[in-house]
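Examination of the molecular architecture
These are the residues of each chain, in order.
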Amino acid sequence: MKTITGLVLLAILLVSCQNEDVVSPNEETNAVTQDSQIKNLTAKTVAGNVPSHDPSTIVKSGVNYYVFTTGDNIPMTYSRDLVNWTWGTSVFTSTPGWITGYVPGFTKTFWAPDVAWFNNRWNMYYSCSTFGSARSAIGLVTAPSISQSAGTTWTDRGVVVSSTSASDVNAIDASILVDGSNVYMAYGSWHAGIGVVQINPSTGKPTGTRTVVAGGNGASWEAPCLVKEGSYYYMFVNRGTCCNGVNSTYYIVVGRSTSPFGPFTDKNGVSLKSGGGTTVLASQGNYIGPGHLSRITGTQKGAVHYYNKADNGNPKMEIVYFTWSGGWPTLSY
């Protein structure tokens, strides 16, 4: 249901190389420290004018942080400080051949990637669809390391899940949660709602059946973010619509459960399958339509995209901060 018409994410890719240290991914994912600094409603943590839509989980490899976004061939930007970001090398140079069998008419504009470390490799999940269609697929590529200076070798692993009609969970907008030895994927957009499926760490593919945990009946639920804090699993989901610049109505709600498969309920005990959801971030100041939340592993930081009122509604990425009280989160810039 996403309509990203007119969104230009890749005019030119500016490639700048940096020397990188070698550190273990386990050290990398815990390298970011918590930061409770409160941002005002007009200042930006992320500097510059690099556009960003549907940012992945920000991950650290070597000295650099990396984020992947919607766009041609899966664009990448990298940073040493989470503030100044530089265009890097895109994931693909050509579209994997298997995709057109699942998504006729697909070209090279991939949506909403997410990336996580498990099975001793980086696993990136990416979406293939066409505007307004439920005929979609999520694919997987893997790499032993991510490096802008040395280059990254991504291996395509094919389809993960697919959908063919509005009666199914739309196979886009993957969110990966690594919970000890278990891996889960939340995904979905409008149509039949948000689904959660367990992932086999060895293959990166689903094991068992998916469970619908939010939305349904064509309601505006998309871009889930599944996280764990303490003994609860939290499902953050976007409501409203994206991709209309300053007229975008995206906002983020949350529910929690003791299981990654739900049921997820909000602060008032209302199920996310029955229209529930406690709002945790909405438009404010220059930040219009915040969405596509992710959390940086091992930290209380995350990222969203928003439509910048001070820049004609162009999409940008911003760092957000998780705060917890009484078992419930709030988000702030």
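A short tour of the structure in this document, coming up. (Residues numbered from 1 in each chain as written. Predicted model: local features only at pLDDT ≥ 70, side-chain atom pairs only at ≥ 80, totals over all residues. Heavy atoms only, no water.)

**A few points about the packing of aromatic side chains**
By the definition in use, this model includes 18 aromatic pairs. On the numbers, 6.4 Å between centres and 85° between planes, the contact of Tyr 184 with Tyr 233 is edge-to-face. With Tyr 184 in strand 11 (residues 182-187) and Tyr 233 in strand 15 (residues 232-239), the pair connects residues that are 49 residues apart, well separated along the chain. Comparing Tyr 184 with Tyr 233 shows no difference in burial state: the two are buried. Sitting above the plane of the Tyr 65 ring, Lys 60 keeps its charged end 5.4 Å from the centroid. (Phe/Tyr/Trp six-rings, centres within 6.5 Å; stacked < 30°, edge-to-face > 60°. Helix = DSSP H or I, 4+ residues; strand = E, 2+ residues; numbered from the N terminus. Buried < 20%, exposed > 50% of the residue type's maximum accessible area, 1.4 Å probe, protein only. Lys NZ or Arg CZ within 6 Å of the ring centre and 35° of its normal.)

**Description of the environment of Pro 315**
Take Pro 315: it is sitting in strand 20 (residues 314-325). A relative accessible area of 6% places Pro 315 in the buried class. Each C-alpha atom of the pair Pro 315 and His 305 lies 6.4 Å from the other, and the pair is 10 residues apart in sequence.

**Regarding the side chain of His 53**
Mapping His 53 onto the fold places it in the loop between helix 1 (25-29) and strand 1 (59-61). Of note is the side chain of His 53, whose polar atom sits 2.6 Å from the side chain of Tyr 307. (Polar contact = N/O pair within 3.5 Å; in protein donor to acceptor, adjacent residues only side chain to side chain.)

**So, the pattern of salt bridges**
Going through the model one piece at a time under the given rule, you end up with 5 salt bridges. Of the charged contacts in the structure, one is a salt bridge between Lys 228 and Asp 179, with a shortest N-O distance of 3.5 Å. Taken together, the residues span a long stretch of sequence, with Lys 228 in strand 14 (residues 222-229) and Asp 179 in strand 10 (residues 175-179) at a distance of 49 residues. The class of Asp 179 is buried, set by a relative accessible area of 17%. A salt bridge links Glu 229 to Arg 295; the shortest N-O distance between them is 2.8 Å. (Salt bridge = Lys/Arg side-chain N within 4 Å of Asp/Glu carboxyl O.)

**Re the sheet that holds strand 21 (residues 328-332)**
Strand order in the open sheet formed by 4 strands is 18-19-20-21, and the pairing between neighbours is antiparallel. Only two strands of the sheet have a single partner each, and these edge strands are strand 18 (287-295) and strand 21. Taken pair by pair, the neighbouring strands of this sheet meet at an average axis angle of 35°, ignoring direction. Alignment of strand 20 against strand 21, held across 5 bridges, turns out to be antiparallel. (Pairing = 2+ DSSP bridges. Axes fitted to C-alpha atoms, helices over the stretch in contact; angles between N-to-C directions.)

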